Amino acid sequence: MLPAWRELRARRVLVGVALVCAAASAAGVALRSSAVETGPVRDLARSGRSATADAVITGDPKAKPGKRRPVIILRARVEVVARARVRVPVLLIAGDPSWLRLLPGQRVRFHGGFRTPRRAELLAAVVIVGGPPTVLGRPSAPQRAAEHVRARLRAAVDRLPADQRGVLPGMVVGDTSRLDPGLAEEFRTAGLTHLLVVSGANLAIVIGAVLGLCRLAGLGGRRAPPLAALAVFAFVVVARPEPSVLRATVMGLIGLLALLTGRQRHGLPALGAAVLLLVLIDPVLARSYGFALSVLATAGLLVLAPAWRERLARRLPGPLADALAVTAAAEVAVAPVLVMLSGELGVVSVFANLLAAPAVAPATLLGALAAVTALISLPLARVLVWPAGLAVGWIAWIARTAAHLPYATIPWTPGGFGAITVLLAGGVAVLILRSRRLRLIAAAAMAGVLVAVVALRVLAPAWPPPGWQMVACDVGQGDALALAAGPGQAVVVDTGPDPAPVDACLRRLGVRDVPLLILTHPHADHINGTSGVRHGRAVREILTTPRTSGREARLVSGLAPRSALAGQQWTVGDLTLSILGPRAAAPALIPGDDGTTINNASVVLVARRPGFSALLAGDVETEAQRALLGDVPHVQVLKVPHHGSRSQLPAFLAAAHASISLISVGAQNDYGHPSAFALDLLKGLHTQVHRTDREGDIAVIRTTGGVAAVPRH
């Protein structure tokens, strides 16, 4: 144990390091803020003008679903604009697929509209780019080499199952380009997202492996650290210098320097030095949530884990005590920031991490070895990734299972107030743990809450309600409907904007087989969740609008979509589907028009079985509604077109004579759906209006008097 004076001096050193880091961060942010808030780029943004600029790409392009087409987002550094030389960061938002082929370090020229950033980020502008980039040069040799390594690793994992194929490159080099969005969301819910990005754990595994190999080769203590440092630099180039990678790199190099010089390594000073160096090099990190989470997790391991490990070791086996202390310390340290960002408090994350931990090192080491081997022999690399894939498969199974447990996350107040309440709750927990009497009271209270929760779940109405005919799934701002077609079967109409919500909805309904999937039109909020419908389910046939841009093809590989034609009838069990539109006389798609014209080309159908009928109108707007008006039959349920937008023909809504109207819409969406105009029309028709943003999944059941809607919430 350290003498009191030495411990006091160590604490003073730590406080001094923290103050220096804070001062350096504040100074760096102030300098960068001054640079981005002045100059020609910010002037263009303030005036909302367009201009041509030369820039260097600084991050990997990322494609995200958009309303009309995928949106490509990437960071860049503008160096020339309006004949002036500058050096300021911007965020580019593009739509042309050629942007996805760019690599960090590549120099491009583009023309776009400059806008002022809405958030408090250290950006000079957000640029909306209309066309493809003009490439001015190749990426640097290290970046080309890094992309070659990543491409060879992707080729090596091609024959693995889809989950393993998407997760393994992410664990090894941070490449999540093939990761299913639904699986990524399940990793987030389970508290395992940190495994999908390169962080200190990956770097520690690499350094440990290199040092171990050096020891086996008989290299002395002076030769091993430099070789490990070279491995670290190579690893960082391949993995890209993300905030967590940078923090882990500097931390690891400081530790290697301590090993090389023979001095004792102290964790907190090393972390402080890492933070200090990084915020001086790149002040933007001071506002990076990813960097903050990485630093907090490391601080938790250094400050909380040792004492917790010592206490747990009195009652648990050593390895289990170590794993539990490390996992819990990291989770507790990052909880306030996670709550502030997501508005959720993870409950199962500690246990999910404990179960996944044994597979992380084998997956990372074998994956890294496969990445190196793939440069020489792709067949041998494919052999190496097979056991790595098994380890990754275990981790993915843990993520899926944990994410679907009841109360895997608990809703919490987001923002700064939520973070403060988490800290206060943590303080109360510490006080409770220090008092035997308070521990007994808390245990009794928790037992009472547990009994109440179990009782509520037992007494609450089952979901789905028996005899459900149709369910409007709550998928946010989009459409996804399920029509019962037999035990474990459903016809699915549209799939929503993301795979995870529709997958979860179908799981709750017990749907294992989809004899027919209908994609009404190729907008992202209706088709981008298709992989969620196909996850773990057999999809027999796919029906699409004949007036399509072909965007569905990338989501339905292995299946040949058929065109829905007016007058067709499809029968699945006792369910009959009659296609009303699009009519042959509907306007052809106009190149570049991805909005109203495609909405009006939606598949419109009537679903019937004894005692049930529904009109599913896709996103048709007034023009198509007027064309279909003469064919609208009387039905019991109307799926209101286009999420209840203002583009409604009163006669079309009235012609259905529906007693129930369903609006599939996302909470607080940017489109103002449903519109007051549409709601007033429906109110005047005396139909019951049910909305997924307020009621969650909505089931329609048969009753003695007709049909009724049963909300899940």
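Residues numbered from 1 in each chain as written. Predicted model: local features only at pLDDT ≥ 70, side-chain atom pairs only at ≥ 80, totals over all residues. Heavy atoms only, no water.

**Q** Account for the state of the cysteines, naming residues and giving values.
**A** Considering all chains together, one arrives at one disulfide under this definition. Here C473 connects covalently by a disulfide to C505, the sulfurs 2.1 Å from one another. Measuring handedness by torsion sign, the sulfur bridge of C473 and C505 sits at about -70° and is left-handed. In this pair, C473 sits in the loop between β10 (468–472) and β11 (481–486) while C505 sits in helix α17 (residues 499–509), placing the two residues 32 residues apart along the sequence. Note on accessibility: C473 and C505 belong to one class, buried. (Disulfide = S-S within 2.5 Å. Helix = DSSP H or I, 4+ residues; strand = E, 2+ residues; numbered from the N terminus. Buried < 20%, exposed > 50% of the residue type's maximum accessible area, 1.4 Å probe, protein only.)

**Q** Explain the packing of aromatic side chains to me, and be specific about the residues and the numbers.
**A** Counting across every chain of the model gives two aromatic pairs. When the centroid spacing of 5.5 Å and the interplanar angle of 25° are considered together, the rings of W394 and W397 count as stacked. Linking W394 with W397, this pair stays in helix α14 (residues 378–403), spanning three residues, or about one helical turn. A residue is classified by how much of its surface remains accessible, and W397, at 49% relative accessible area, is partly exposed. Its guanidinium or amino end placed over the ring of F677, R646 lies 4.3 Å from that ring's centre, counting from NZ or CZ. (Phe/Tyr/Trp six-rings, centres within 6.5 Å; stacked < 30°, edge-to-face > 60°. Lys NZ or Arg CZ within 6 Å of the ring centre and 35° of its normal.)

**Q** Please provide a residue-by-residue account of unusual backbone geometry, values included.
**A** A cis amide bond links G581 with the next residue in sequence, P582, at an omega value of 15°. The phi angle at H642 is positive, at roughly 50°, despite the residue not being glycine. By the secondary structure assignment, H642 is in the loop between β20 (637–639) and α22 (650–655). Despite not being glycine, H686 has its phi angle at roughly 60°, a positive value. Among the secondary structure elements, H686 is positioned in the loop between α23 (676–684) and β22 (688–691).

**Q** How would you summarise the pairing of strand β12 (residues 489–493) if you had to cite specific residues and measurements?
**A** Two faces belong to every sheet, and in a regular strand the side chains alternate between them. Here β12 lies mainly inside the structure; four of its five residues are buried. As paired elements, β11 and β12 share five bridges and run antiparallel to each other. When the sheet's bridge partners are listed, A482 is paired in β12 with V492. Count of turn residues in the β11/β12 antiparallel hairpin: two residues, of which G488 carries a positive phi of about 70°. Pairing of β12 with strand β13 (residues 513–519), which is carried by three bridges, proceeds in the parallel orientation. Bridge pairing in β13 links Q489 to D513. Once you follow β12 into α17 and on to β13, the crossover reads as right-handed. (Pairing = 2+ DSSP bridges. Right-handed = clockwise from strand over helix to strand, strands pointing away.)

**Q** Give a description of the nonpolar core that names residues and reports values.
**A** Of all hydrophobic cores here, the largest spans 41 residues; its most connected members are V167, L168, M171, F187, L192, V385 and I395. Mapped by element, the contributors of at least two residues to this core are α3 (141–156), α4 (162–173), α5 (181–189), α13 (349–374) and α14. A total of eleven residues in this core trace back to one element, the largest contributor, which is α14. Ranked by size, the runner-up nonpolar core spans 29 residues in total, among them V572, V603, A614 and V637. (Core = buried A, V, L, I, M, F, W, Y, C linked by side-chain atoms within 4.5 Å.)

**Q** A description of the pattern of salt bridges should follow, citing residues and the corresponding values.
**A** Applying the stated criterion to the full structure yields 19 salt bridges. Here R150 ties to D60 by a salt bridge, and the two come within 3.9 Å at their closest N and O atoms. Within this pair, whereas R150 is found in helix α3, its partner D60 is found in the loop between β1 (50–57) and β2 (62–64), the two being separated by 90 residues in sequence. Sharing partners across several salt bridges, the network here consists of R77, E79, R87 and R107. (Salt bridge = Lys/Arg side-chain N within 4 Å of Asp/Glu carboxyl O.)

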